[in-house]
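Overview (structure and organization)
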Amino acid sequence: MGNGVRECPVDFPKDVGPVTSAHLPAEENQEQKKVLNSLMSGALAGAVAKTAVAPLDRTKIMFQVSSKRFSAKEAYRLIYHTYLTEGFWSLWRGNSATMVRVIPYAAIQFCAHEEYKQLLEAVPSCRALTPFPRFIAGSLAGTTAAMLTYPLDMVRARMAVTPKEMYSSIVHVFIRISREEGLKTLYRGFTPTILGVIPYAGLSFFTYETLKKVHADHSGKAQPSPPERLLFGACAGLIGQSASYPLDVVRRRMQTAGVLGHTYSSILLTMQEIIREEGLIRGLYKGLSMNWVKGPIAVGISFTTFDLTQILLRKLQHGDENQR
């Protein structure tokens, strides 16, 4: 060649088939399995926990959005009256909407928490995942899930507080709200939800992870037993929900304002009206005692189901790999 550049023959691979998961690097394949496991475990955890406490959850919402004074006796009367007038399964009314929301919500939240933990552990100052990063990982996970599934939470709240004749299905709720109140109504109460989920998810995950770590340090056992997991989850739920409860009341009022004849335009104005009409404790903390029963049960079941499902899926995968 006149330019003095020597040409080198290049052998291209022949008969290259489509790239499959078998061609992927082992680490990438493992990461995909880990994410899928987290999504499946989180979805199951949310579904089991919410179904278990659905009647109490519906009753709590009905008290939150009304001006009736809450008491255990009144809660029992409301549950019994609903059972007599609408039937046993009406106690789970809105649970289908809850499942449509909570399955993706829980799947995203638990999966996001695992990913945020991994990202924070990569930061040199956070390698041991000290308390503050633990709280941040939980808050970011809850915020991510809430942002992606909020309209479904709105629909669930509407179905919980209205008679079954008003909305025939989840799709019907979306159609009526969009047509009669506008699409932006689907995000009414979004701000207090995000403000509430930051301390709720942050403290819940922080408490649960911390209790597991303390247990491992003092007992010498790598993993707590299922009853211990339930107890740790119950403590996490109690602390997390108590810290964020007033904002939970505010978001429920804003979500259901359109069907209950109220106009709540902002968080502060909603809080002021609730306090003025019902008082600070009786208004913003209405139903909290029921939440102290419902919340710890739900969160305990949720964390325990997630952990045990993760362990089961890992064992099944390792068993499959050993057979190959």
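Residues numbered from 1 in each chain as written. Predicted model: local features only at pLDDT ≥ 70, side-chain atom pairs only at ≥ 80, totals over all residues. Heavy atoms only, no water.

The following threshold applies: UniProt positions are given in the numbering used here, feature names are shortened, and annotations may be inferred rather than shown by experiment.
Per an unreviewed UniProt entry, the protein carries the name Mitochondrial coenzyme A transporter SLC25A42 and comes from Campylorhamphus procurvoides. Quoted verbatim from the Function (unreviewed entry) field of UniProt, the annotation for the protein is "Mitochondrial carrier mediating the transport of coenzyme A (CoA) in mitochondria in exchange for intramitochondrial (deoxy)adenine nucleotides and adenosine 3',5'-diphosphate."

**Things to note about the environment of Ala 97**
Filter applied, for reference: Segments assigned H or I by DSSP are reported as helices when at least four residues long, segments assigned E as strands when at least two residues long, and all are numbered from the N terminus.
Along the chain, Ala 97 falls in helix 4 (residues 95-121). In the structure, Ala 97 is positioned 73 residues away from Ile 170 in sequence and 6.2 Å away in space, judged by C-alpha atoms.

**Description of the packing of aromatic side chains**
Applicable threshold: Each pair of aromatic rings taken from Phe, Tyr and Trp, with Trp reduced to its six-membered ring, is defined by centres within 6.5 Å and is described as stacked if the planes are under 30 degrees apart, edge-to-face if over 60, and tilted in the remaining cases. Summary of the burial criterion: residues with accessible area below 20% of their type's maximum are buried, those above 50% are exposed, and those between are partly exposed, where the area comes from a 1.4 Å probe applied to protein chains only.
According to the stated counting rule, one finds 10 aromatic pairs in the structure shown. Centroid distance Tyr 187 to Phe 190: 5.8 Å. Interplanar angle 70°. Geometry classified as edge-to-face. Looking at Tyr 187, the relative accessible area reads 43%, which means it is partly exposed. Residue Phe 190 is classed as partly exposed on the basis of its relative accessible area, which comes to 23%. Look at Tyr 208 and Phe 303: their rings are 4.2 Å apart centre to centre, the planes differ by 10°, and that puts the pair in the stacked class. With a gap of 95 residues between them, Tyr 208 in helix 7 (residues 190-219) and Phe 303 in helix 11 (residues 288-323) connect regions that are remote in the sequence. Here Tyr 208 falls in the buried class, since its relative accessible area comes to 1%. With relative accessibility at 5%, the residue Phe 303 sits in the buried group. An aromatic cluster is built from Phe 110, Phe 205, Tyr 208, Phe 303 and Phe 306, whose rings are joined through pairwise contacts.

**Brief notes about the nonpolar core**
Using the following cut-off: For our purposes a nonpolar core is just a set of buried Ala, Val, Leu, Ile, Met, Phe, Trp, Tyr and Cys residues, chained together by side-chain atoms within 4.5 Å. Every residue pair with non-hydrogen atoms within 4.5 Å of one another is taken to be in contact.
With 11 residues, the main nonpolar core is built from Tyr 245, Leu 247, Val 249, Val 250, Met 254, Ala 257, Tyr 264, Ile 267, Ile 274, Leu 284 and Leu 288. Counting residues per element, the ones that place at least two in this core are helix 8 (226-260) and helix 9 (267-278). No other element matches the 6 residues that helix 8 contributes to this core. Among all residues touching Leu 284, those that are not within four sequence positions of it are Tyr 245, Pro 246, Val 249, Val 250, Met 271, Ile 274, Ile 275 and Gly 279. Counting residues in each nonpolar core, the second largest holds 10 residues, with Phe 205, Phe 232, Ala 236 and Val 299 among its members.

**What to know about the environment of Pro 296**
Structurally, Pro 296 can be placed in helix 11. When the C-alpha atoms of Pro 296 and Gly 240 are compared, they prove to be 9.4 Å apart, with 56 residues separating the residues in sequence. Ignoring anything within four residues of it in the chain, the contact list for Pro 296 reads Gly 233, Ala 234, Leu 238 and Asn 291.

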